[in-house]
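Now for the letters of each chain:
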Amino acid sequence: MTVTLDRLSLEQALIDVEVANARVIDLTARLSESHLETQQLRQQVLELSTLSSPTSANSLRALMAGPIKAIARRVLPLSVRTRLRSALG
């Protein structure tokens, strides 16, 4: 009886270790992904802060113009786009 109980305890302990290892591996992967995403976001912030300097305001405007125009073409009627274009110059 004692041997059976010891074997079951050992099996449960091994299962617990496997589960804990799987959790550590998963958390490590998620941490690595988060770290990479943070680095990419920091790089984007640096690029945007460089673009938003007074000397490069036109560069930022040029960067944003394409996506804004694409959205406006899909969402706004032609008459509204025309009015906006004439108002903005």
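Residues numbered from 1 in each chain as written. Predicted model: local features only at pLDDT ≥ 70, side-chain atom pairs only at ≥ 80, totals over all residues. Heavy atoms only, no water.

### Focus on the overall build of the chain
Secondary structure summary: the chain contains three helices and zero strands in total. Secondary structure of the chain in N-to-C order comes out as α-α-α. Looking at the chain residue by residue over its 89 residues, the buried ones come to 3%. Of the roughly 8,100 Å² of accessible surface on the chain, 64% is carried by carbon and sulfur atoms. (Helix = DSSP H or I, 4+ residues; strand = E, 2+ residues; numbered from the N terminus. Buried < 20%, exposed > 50% of the residue type's maximum accessible area, 1.4 Å probe, protein only. Areas by Shrake-Rupley, 256 points an atom, 1.4 Å probe, with all protein chains shown as cover.)

### What to know about the pattern of salt bridges
Under the defined criterion, the tally for this structure stands at one salt bridge. Here Asp26 ties to Arg30 by a salt bridge, and the two come within 3.5 Å at their closest N and O atoms. Taken as a pair, Asp26 and Arg30 lie in helix 1 (residues 2–51) at a separation of four residues, close to a single helical turn. The exposure class assigned to Arg30 is partly exposed, which follows from its relative accessible area of 46%. (Salt bridge = Lys/Arg side-chain N within 4 Å of Asp/Glu carboxyl O.)

### Quick look at a nonpolar patch on the surface
Taken together, the side chains of Leu48, Leu63, Met64 and Ile68 present a nonpolar region at the surface, about 370 Å² in accessible area. With three residues, the single largest contributor to the nonpolar patch is helix 2 (residues 57–75). Relative to the elements of secondary structure, Ile68 occurs in helix 2. (Patch = residues over 30% accessible without salt bridge, like charges linked within 9 Å, V, L, I, M, F, W, Y side chains within 5 Å.)

### Details of the side chain of Arg81
With respect to the secondary-structure elements, Arg81 resides in helix 3 (residues 78–88). Within the local environment of Arg81, its side chain forms a polar contact with the backbone oxygen of Leu76, the two atoms lying 3.5 Å apart. Setting aside chain neighbours within four positions, we find Arg81 in contact with Ala72, Arg73 and Leu76. (Polar contact = N/O pair within 3.5 Å; in protein donor to acceptor, adjacent residues only side chain to side chain. Contact = heavy atoms within 4.5 Å.)

### Some thoughts on the confidence of the model for the chain
Averaged over every residue, the pLDDT of the chain is 83; residues scoring 70 or more account for 84%. Confidence, read as mean pLDDT per element, is least for helix 2 in the chain (73) and greatest for helix 1 (89). (pLDDT = per-residue confidence, 0-100.)

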